[in-house]
Amino acid sequence: MNLASIPSPSTGVIELGPIPLRGYAFCIIIGVFVAVWFGNKRWIARGGKAGTVADVAVWAVPFGLVGGRLYHVITDYQLYFSEGENWVDAFKIWQGGLGIWGAIAFGAVGAWIACRRRGIPLPAWADALAPGIAIAQAIGRWGNWFNQELYGKPTDLPWALEISEGANRVAGTYHPTFLYESLWCVGVALLVIWADRRFTLGHGRAFALYVAAYCAGRGWIEYMRVDEAHHILGLRLNVWTAIIVLVLAVVYIVVSARIRPGREEVVEPDRGAPAEVSAEDGSDEDGPGAPDAGAEKDPLTKDEPRKTGTGLTAGSTEAAAEKS
């Protein structure tokens, strides 16, 4: 008999008058805002401009949502395309079902497009956002609590999760795998922040560390789950995915550190910098090397410009340099 347990909400929807606020969507939205806010602070600390992280996220987030949903629908196609199922449910993202692997992969494509448009390196942007993504996942996992889904095996532990009777679920107390993953993601965020400060990670290595650390936790948490899933050689598909992605992330960290050690010195070029002087007309409108509008011919040299109002001429400067 359980002396204590974690209750589940009776419904995943909060009615705000005529507007239904779905707990799953609310957690995802809050997570995105936190990730962008924290990523912006880290980007500015790296020398970037305020607002750049949000501008790139405008591309990355929609791509990530589409990719996450596609991964879920493809790997759990039987939930939508089997006999008796309604394929239209595949579009009901608010009912749950986002695969982090697809979300990260497609989100990276969207971020790459936005970074190219702004002329900034994608690895540096990903490094700045990495711990924020982990925190966003920690918040987003509570959406599974609202939907009473993705729990683990039955247990009598004091922190067991209460699950009520419903479609495709049996009432009882189970391992709260959503809570395990949420806490693990917080630990991943702290690890990345510490390692980034301690080893000055750059060129995508902070992001790769986040990926590797998350996969390490996702592997054993996924193994505890009891929801229906495809198996390969006795292991759930997502366990294999976590193992493969973990290995790739570690390989990237090692190879990248050897090929491109250190950290990027410039993460965002100054778009306000003047352009080169026009070769056709020698105009000084954009040219940093053209004579200033306030300069005039030095009466002594006849050919060197002299700044008016400064008390210095080209000739006096050279003379002072010789005496020193």
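Numbering of residues begins from 1 in every chain and follows the order in which that chain's sequence is written. For this predicted model, a pLDDT threshold of at least 70 governs which residues receive local features, and a threshold of 80 or more governs which side-chain atom pairs are given and counted, while totals over whole chains, interfaces and linings are taken from all residues. To obtain the side-chain values, all non-hydrogen atoms of the structure were used and water was disregarded.

K.L.:
I tried to follow the overall build of the chain on my own but got confused; where do I start?
P.N.:
Counting secondary structure elements, the chain contains 10 helices and eight strands. Summary of the burial criterion: residues with accessible area below 20% of their type's maximum are buried, those above 50% are exposed, and those between are partly exposed, where the area comes from a 1.4 Å probe applied to protein chains only. Out of the 324 residues in the chain, the part that is buried amounts to 39%. Looking at the chain alone, contacts between residues at least 24 apart form 66% of all its contacts between residues at least 6 apart. Values of accessible area rely on a 1.4 Å probe in the Shrake-Rupley scheme; residue burial ignores everything except the protein chains shown. Taken as a whole, the chain presents about 18,600 Å² of accessible surface, with 65% of it coming from carbon and sulfur. Runs of H or I in DSSP of at least four residues are treated as helices and runs of E of at least two as strands, each being numbered from the N terminus. Here a residue-residue contact requires only that any non-hydrogen atoms of the pair lie within 4.5 Å.

K.L.:
How do you make sense of the pattern of salt bridges when you look at a structure like this?
P.N.:
Oppositely charged side chains are able to pair whenever their charged atoms sit close together. Salt bridge, as used here: a side-chain nitrogen of Lys or Arg that lies within 4 Å of a carboxyl oxygen of Asp or Glu. Scanning the entire structure with this criterion turns up 11 salt bridges. For R118, the salt bridge identified is with D55, shortest N-O distance 2.9 Å. Residue R118 is found in helix α4 (residues 100–118), and its partner D55 is found in helix α2 (residues 52–75); the two are separated by 63 residues along the sequence. What makes R118 partly exposed here is its relative accessible area of 27%.

K.L.:
What should I look at first to understand the nonpolar core in this one?
P.N.:
One recurring pattern in soluble globular proteins: nonpolar side chains tend to sit buried together. Core analysis: the biggest nonpolar cluster contains 38 residues, and W43, V56, W101, W125, V192 and Y210 have the highest contact counts within it. Residue assignment for this core shows that the elements contributing at least two residues are α1 (23–45), α2, α4, α5 (122–140), α7 (177–199), α8 (205–224) and α9 (237–259). Once residues lying within four places of it in the same chain are set aside, the contact partners of W101 are Y71, Y214, C215, R218, N238, T241, A242 and V245. Ranked by size, the runner-up nonpolar core spans 10 residues in total, among them W145, L161, I163 and L179. Take the buried residues of types Ala, Val, Leu, Ile, Met, Phe, Trp, Tyr and Cys, join any two whose side-chain atoms come within 4.5 Å, and each joined set is a nonpolar core.

K.L.:
Looking at this model, I keep getting lost on the packing of aromatic side chains. Mind explaining?
P.N.:
Describing an aromatic ring pair means giving the distance of the ring centres and the angle of the ring planes. Within 6.5 Å between ring centres, the rings of Phe, Tyr and Trp (the latter by its six-membered ring) count as paired, and their orientation is classed by plane angle as stacked under 30 degrees, edge-to-face over 60, tilted in between. For the structure on display, the rule yields 11 aromatic pairs. Relative to F38, the ring of W37 lies with its centre 6.2 Å away and its plane at 35 degrees, an arrangement referred to as tilted. Look at W37 and you get exposed, because its relative accessible area is 54%. Ring pairs connect the aromatic residues W142, W145, F146 and F178, which therefore count as one cluster.

K.L.:
Help me understand the pairing of strand β2 (residues 19–22), please; the structure alone is not making it clear to me.
P.N.:
On a regular strand, one side chain projects to one face of the sheet and the next to the other, so that they alternate. Where strand β1 (residues 13–16) lies against β2, four bridges are found, and the strand directions are antiparallel. By the bridge assignment for β2, E15 is matched with P20. As consecutive antiparallel partners, β1 and β2 are separated by two residues, and within that stretch G17 has a phi angle of approximately 70 degrees, a positive value. Two strands are counted as paired when DSSP detects at least two bridges linking them.

K.L.:
What exactly am I supposed to notice about the environment of G48 here?
P.N.:
Tracing the backbone shows G48 in the loop between α1 and α2. Since its relative accessible area comes to 13%, G48 is described here as buried. Between the alpha carbons of G48 and E268 there is a distance of 5.4 Å; along the sequence they are 220 residues apart. Every residue in contact with G48, bar those within four places of it in the chain, is listed here: W43, V267 and E268.

K.L.:
Mind showing me how you'd approach the environment of V66 here?
P.N.:
Mapped onto the secondary structure, V66 falls in helix α2. The class of V66 is partly exposed, set by a relative accessible area of 47%.

K.L.:
How should empty space enclosed by the protein be read in this particular structure?
P.N.:
Unoccupied space between atoms shows up once a probe the size of one water molecule is rolled over them. The method works on a 1 Å grid over the protein atoms by themselves. A cavity is a set of points holding a 1.4 Å probe that cannot get out, a pocket is an open set with protein on both sides within 12 Å along at least five of seven lines, and residues with an atom within 4 Å of a point line them. Grid points are joined across faces, edges and corners, and a volume is the space filled by probe spheres set on the points. A complete count under the given rule lists one cavity of 30 Å³ or more for this structure. One number sums up the size of the largest cavity: a volume of about 30 Å³. Contributing to the lining of the largest cavity are R141, N144, L150, T177, F178, E181, I221 and R225. The element best represented in the lining of the largest cavity is α7, accounting for three residues. Under the convention adopted here, Pro, Cys and the residues Ala, Val, Leu, Ile, Met, Phe, Trp and Tyr are nonpolar, Asp, Glu, Lys and Arg are charged, and Gly plus all remaining residues are polar. When its residues are assigned to classes, the lining of the largest cavity shows three nonpolar, two polar and three charged.

K.L.:
Hey, could you run me through the packing of α5 against α7 in this one?
P.N.:
Each pair of packed helices can be summarised by the angle the axes make with each other and by the distance between the axes. In the contact formed by α5 and α7, the axes pass within 8 Å of each other and the chain directions differ by 170 degrees. The angle between α5 and α7 places the two elements in the roughly antiparallel class. Every pair of crossing elements has a handedness; the one defined by α5 and α7 is left-handed. Of α7, the residues touching α5 (which contributes A130, P131, A134, I135, Q137 and A138) are S182, C185, V186, V188, A189, V192 and I193. Of the residues that constitute the contact of α5 with α7, the class distribution is 11 nonpolar, two polar and no charged. Interaxial angles span 0 to 180 degrees and are taken between N-to-C directions of axes, which are lines fitted to C-alpha atoms, for helices over the stretch in contact. Small angles under 35 degrees read as roughly parallel and large ones over 145 as roughly antiparallel, with 65 to 115 read as roughly perpendicular and the rest as oblique. For a crossing to be left-handed, the near helix must be turned anticlockwise from the far one by less than a right angle; the clockwise case is right-handed.

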